[in-house]
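These are the residues of each chain, in order.
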Amino acid sequence: MNSIKEVAVIGLGYIGLPTAAILASKGIIVKGVDVTPRTVEAVNKGEVPFVEPALGDFVAAAVEAGTLSASFETPEAEAYIVAVPTPFNADYTADLSYIEAAADGIAPKLKGGELVILESTSPPGATQHLAEYLLAKRPDLTTDSLLVAHCPERVLPGYVMEELVTNDRIVGGITVEAAEKAKALYETFCQAAILTTDAKTAEMAKLVENSYRDVNIAFANELSVISDRLDIDVWELISLANRHPRVNILQPGPGVGGHCIAVDPWFIVSAAPEESNLIRMARNTNDAKPNWVIEKVEAATKLDSFTGKVAVMGLAFKANIDDMRESPSIEIARKLAVANPTIEFLAVEPHVEALPKKLEGISNLVLTPMDEALEAANVVTLLVDHDQFKSVPATTLAGKEVIDTRGLWR
Ligand code: SAJ
């Protein structure tokens, strides 16, 4: 039974804010903390600074009810949930600086007895590191008076509010007591099974889930390149092979994006480099796919001394979201535009009103409404299977060179 009535959530991003809002919807007083003024301001107005279905209603209702607020300062609380980014460094080791910065904010507020939950995806040993880091700052506390656990998030962007409730969860404690207390807190909103283990196994479980998917997407991406060489329709090939009762091949695309699947496998590779051959190979296979797409577009634009325009359909890392982190489409659009300055690239992304920072200042790359881009372009490159793109009639594409990396228009 949960006894915690006040929670601070550090990091109000794609995971922290939904977690804060759902806890607040259960009557827990939630104080969100973020370093970005736009985020803090939006949340205090009951608004969400990014696209995630249903989240807006939760945030608006919780702010209205007075159970959710945001600030820059870490407050005192009975429990802290850390949901900050864990990017990787140039050598593929995890960058734990955001976790340490969160800990720097938490440490002075501790009185003893609090629960600190790390939700950020982390390499094996990071939760132990967080516990030691906090205890080094607060030598007056012990592992009995500071409960630290890892509770990795597993929700799918676009379905977060649903999956927070319905997905099973793994909770790994530095101590059994920490795991049990964290489990009770998550039981306030999670209706599925909450499975307890040690912190390192929980960390690995999360990394393994995303690596499993990465390896399987790499298989699909490799099949698409092989099929292209052999002049076979990979989409037909996969759908036929998937009629076997024990085969379920995923879908090829322009590469793997997002902050998770394109990142997490590296944490395993860097923890056990000699043993992680398949996982490393899958990462490299998926990372090579954007360049393959670029070559296809360049081959199309060199036909008959191309003087036209190229539409680049979709910049998000996957369908129906505005999240562009690690998006292969951004890499493809940027490299194409920079390498081909005489061609105009018309980027279409219905979920944003301005180009992301990584694409700013490239004069031959312009954010363009879909209809305008499709009308003007001679070459159309489909990178994201957004719903808006599904309805493009075949007549609109007739006579154009189409490079469809998602099999949407086949
Ligand atoms: N992709 C393909 N082909 C496919 C499936 C996906 O090319 O058949 C691409 C997508 O276009 C995208 C990338 O892979 O660029 C990742 O998309 P995704 O939908 O597979 O996953 P994410 O990154 O949105 O969310 C994943 C989920 N993990 C798993 O499915 C194992 C989610 O449950 C995790 O919570 C999330 O990572 C995370 O935060 O770790």
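Residues numbered from 1 in each chain as written. Predicted model: local features only at pLDDT ≥ 70, side-chain atom pairs only at ≥ 80, totals over all residues. Heavy atoms only, no water.

**Focus on the domain arrangement of the chain**
The domain architecture assigned to the chain consists of domain 1 (6-192) and domain 2 (209-404). In this structure, domain 1 and domain 2 have C-alpha centres spaced 32 Å apart. Listed as interface residues are 19 residues of domain 1 and, on the opposing side, 16 residues of domain 2. In total, about 1,400 Å² of surface goes out of reach between domain 1 and domain 2, with carbon and sulfur atoms giving 64% of it. Where domain 1 touches domain 2, the interface holds one salt bridge. Here glutamate 209 and arginine 154 are joined by a salt bridge, their closest N and O atoms 2.4 Å apart. Applying the counting criterion to the domain 1 and domain 2 interface returns two residue pairs in polar contact (both at pLDDT 80 or more). Considered class by class, the residues forming the side of domain 1 that touches domain 2 number 12 nonpolar, five polar and two charged. (Domains from an automatic or database assignment. Contact = heavy atoms within 4.5 Å. Buried area = accessible area lost by both parts, 1.4 Å probe. Salt bridge = Lys/Arg side-chain N within 4 Å of Asp/Glu carboxyl O. Polar contact = N/O pair within 3.5 Å; in protein donor to acceptor, adjacent residues only side chain to side chain. Nonpolar A, V, L, I, M, F, W, Y, C, P; charged D, E, K, R; others polar.)

**Remarks on the pairing of strand β9 (residues 309-313)**
Among the five residues of β9, four are classified as buried, and the element is accordingly described as predominantly covered. Across five bridges, the pairing between β9 and strand β10 (residues 344-348) is parallel. Pairing of alanine 311 across the sheet is with leucine 346, part of β10. Between the parallel elements β9 and β10, the chain passes through helix α12 (residues 328-339) in a crossover that is right-handed. (Buried < 20%, exposed > 50% of the residue type's maximum accessible area, 1.4 Å probe, protein only. Helix = DSSP H or I, 4+ residues; strand = E, 2+ residues; numbered from the N terminus. Pairing = 2+ DSSP bridges. Right-handed = clockwise from strand over helix to strand, strands pointing away.)

**Looking at helix α4 (residues 97-106)**
Buried residues of α4: Ile99, Ala102, Ala103 and Ile106, and no others. Each buried residue of α4 lies within a common arc of 100° when the element is viewed along its axis, so the set occupies one face. The inward-facing, buried residues of α4 contact β1 (6-10), β4 (79-82), β5 (114-118) and α5 (126-137). (Arc of directions from axis to C-beta.)

**A word on the site of the ligand**
Lining the immediate environment of the ligand, one finds 20 residues, of which Glu153, Lys206, Arg213, Gln251 and Cys260 sit closest. Residue phenylalanine 317 places a main-chain N or O atom 2.8 Å away from an oxygen atom belonging to the ligand. Contact between the ligand and lysine 318: an oxygen atom at 2.8 Å from a side-chain N or O atom of the residue. When the free accessible area of the ligand is taken as 760 Å², the share hidden by the protein chains comes to 89%. With respect to the detected pockets, the ligand is housed in the second largest pocket. (Near = heavy atom within 4 Å. Areas by Shrake-Rupley, 256 points an atom, 1.4 Å probe, with all protein chains shown as cover. 1 Å grid on protein atoms, 1.4 Å probe; cavity = no way out; pocket = protein on both sides within 12 Å on 5 of 7 lines; lining within 4 Å. Sits in = over half its atoms within 2 Å of the grid points.)

**Some remarks on the nonpolar core**
The biggest cluster of nonpolar side chains holds 42 residues, and the ones touching the most others in it are Val7, Leu23, Val30, Leu68, Ile81, Ile117 and Leu185. Ranked by residues supplied to this core, first place goes to helix α1 (residues 16-25) with six residues. Look past the residues within four positions of isoleucine 81 in its chain and what remains in contact with it is Val7, Ala8, Val9, Ile10, Thr19, Leu23, Ile117, Glu119, Leu185 and Tyr186. Ranked by size, the runner-up nonpolar core spans 29 residues in total, among them Ala94, Ile99, Ile106 and Ala131. (Core = buried A, V, L, I, M, F, W, Y, C linked by side-chain atoms within 4.5 Å.)

**Details of the environment of valine 30**
Topologically, valine 30 is positioned in strand β2 (residues 29-33). Taking the C-alpha atoms as reference, valine 30 lies 9.1 Å from alanine 62; in sequence the two are 32 residues apart. Apart from residues no more than four positions distant in its own chain, valine 30 is found in contact with Val7, Val9, Ala20, Leu23, Ala24, Thr67, Leu68 and Ser69.

**Let's talk about unusual backbone geometry**
Located in the positive-phi region is alanine 54, a residue other than glycine, with phi close to 75°. Within the secondary structure, alanine 54 sits in the loop between α2 (37-44) and α3 (55-65). Among the residues examined, alanine 54 registers a relative accessible area of 42% and is labelled partly exposed.

**Quick word on helix α10 (residues 264-271)**
Taken across its eight residues, α10 has six buried, putting it largely inside the fold. Buried residues of α10: Asp264, Pro265, Trp266, Phe267, Ile268 and Val269, and no others. Tucked into the core, α10 has its buried residues touching α8 (199-230) and α11 (277-302).

**Observations concerning the layout of surface pockets**
By volume, the second largest pocket amounts to about 1,100 Å³. What lines the second largest pocket is a set of 37 residues, and nearest its centre among them are Leu156, Arg213, Ile217, Ile261 and Lys318. The element best represented in the lining of the second largest pocket is α8, accounting for eight residues. Broken down by class, the residue content of the lining of the second largest pocket amounts to 14 nonpolar, 13 polar and 10 charged. (Points joined across faces, edges and corners; volume = space filled by probe spheres on them.)

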